[in-house]
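# Coordinates in review
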Amino acid sequence: MNHWLLKTEPSSFSFDDLLKAPRKTTGWNGVRNYQARNSLRDELKKGDLALIYHSNADPSAVIGVAEIVREGYPDPTQFDNKDDHYDPDSAPDAPRWFQVDVKAVKKLARPVSLEEIKGNKSLQGMLLVQRSRLSVQKVSPPDFDTILRLAK
DNA sequence: GCCAACGTTGGC
DNA sequence: GCCAACGTTGGC
């Protein structure tokens, strides 16, 4: 089983929104980066766990844990010309963008901020610390556990 | 709101 | 295929 970190801007979709969603589940749509797309399409597996990270937030922080409940399938927003994520160059018979479904597992007892992550020696290998803009990142099991421990 | 980092596009 | 121009991300 792999562990992941999924970024979201809480002003558009927050962890609380996920908790309020039907069955606490949502399609993780709108990712428009090829590397992240490849992970969503090929690597995120049912049962994998993901840290949900709020970017552009105050403070930016890991806020909760979610589980992958459906593996990669075409993101419908790419075909919706009224959606912000519409991609006129993507053909329905050869979709360019993929999404997974995620279900909220739990909100952390307290958020673990980027500042705190940057200040933790053992977490310096995280892509998040490397100024990575990647919105779907793999997280090592030890790093995943460390984040959960910091939240207690 | 600024801007550095980084990803994508497109002329050549 | 190079790389300048442009667009986006996301911390601050």
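Please read these numbers as outputs of a predicted model, since none were measured by experiment. (Residues numbered from 1 in each chain as written. Chains lettered and ligands numbered in written order. Predicted model: local features only at pLDDT ≥ 70, side-chain atom pairs only at ≥ 80, totals over all residues. Heavy atoms only, no water.)

### Some words on the environment of Leu-134
For Leu-134, the position within the fold is in the loop between helix H3 (114–118) and strand S6 (136–139). Expressed as a C-alpha distance, the spacing of Leu-134 and Ala-36, which sit 98 residues apart in the sequence, is 6.6 Å. The contact partners of Leu-134, leaving out residues within four places of it in the chain, are Lys-7, Asn-33, Gln-35, Ala-36 and Leu-127. (Helix = DSSP H or I, 4+ residues; strand = E, 2+ residues; numbered from the N terminus. Contact = heavy atoms within 4.5 Å.)

### Some thoughts on the side chain of Thr-8
Looking at the secondary structure, you find Thr-8 in strand S1 (residues 3–8). By relative accessible area, Thr-8 is classed as buried at 9%. Apart from residues lying up to four places away in sequence, Thr-8 is in contact with Phe-13, Trp-28, Ile-52, Tyr-53, His-54 and Ser-55. (Buried < 20%, exposed > 50% of the residue type's maximum accessible area, 1.4 Å probe, protein only.)

### Some words on unusual backbone geometry
At the junction of Asp-58 and Pro-59, the peptide bond is cis and its omega measures out at -5° in the coordinates. If you trace the backbone, Pro-59 turns up in the loop between strand S3 (49–54) and strand S4 (61–74). Despite not being glycine, Lys-24 has its phi angle at roughly 55°, a positive value. Along the polypeptide, Lys-24 turns up in the loop between helix H1 (15–20) and strand S2 (25–27).

### Brief notes about the protein's contact with DNA strand C
In the vicinity of DNA strand C, the contacting residues are Lys-7, Tyr-53, Ser-55, Asn-56, Ser-60, Leu-114, Lys-118 and Arg-133. Of all DNA strand C atoms lying within 4 Å of any protein atom, the proportion belonging to sugar or phosphate reaches 70%. Taking Lys-7, its side chain carries an N or O atom lying 2.7 Å from a phosphate oxygen of DNA strand C. Between a phosphate oxygen of DNA strand C and a main-chain N or O atom of Arg-133, the distance comes to 2.7 Å. In terms of residue class, the surface near DNA strand C is made up of 2 nonpolar, 3 polar and 3 charged. (Near = heavy atom within 4 Å. Polar contact = N/O pair within 3.5 Å; in protein donor to acceptor, adjacent residues only side chain to side chain. Nonpolar A, V, L, I, M, F, W, Y, C, P; charged D, E, K, R; others polar.)

### Details of the nonpolar core
Counting residues in hydrophobic clusters, the biggest one holds 19 residues, and the most contacted among them are Leu-6, Trp-28, Leu-44, Ile-52, Val-100, Val-102 and Val-136. Among the secondary structure elements, those contributing two or more residues to this core are S1, H1, helix H2 (34–43), S3, S4 and strand S5 (98–113). Ranked by size, the runner-up nonpolar core spans 18 residues in total, among them Leu-51, Met-126, Val-139 and Leu-148. (Core = buried A, V, L, I, M, F, W, Y, C linked by side-chain atoms within 4.5 Å.)

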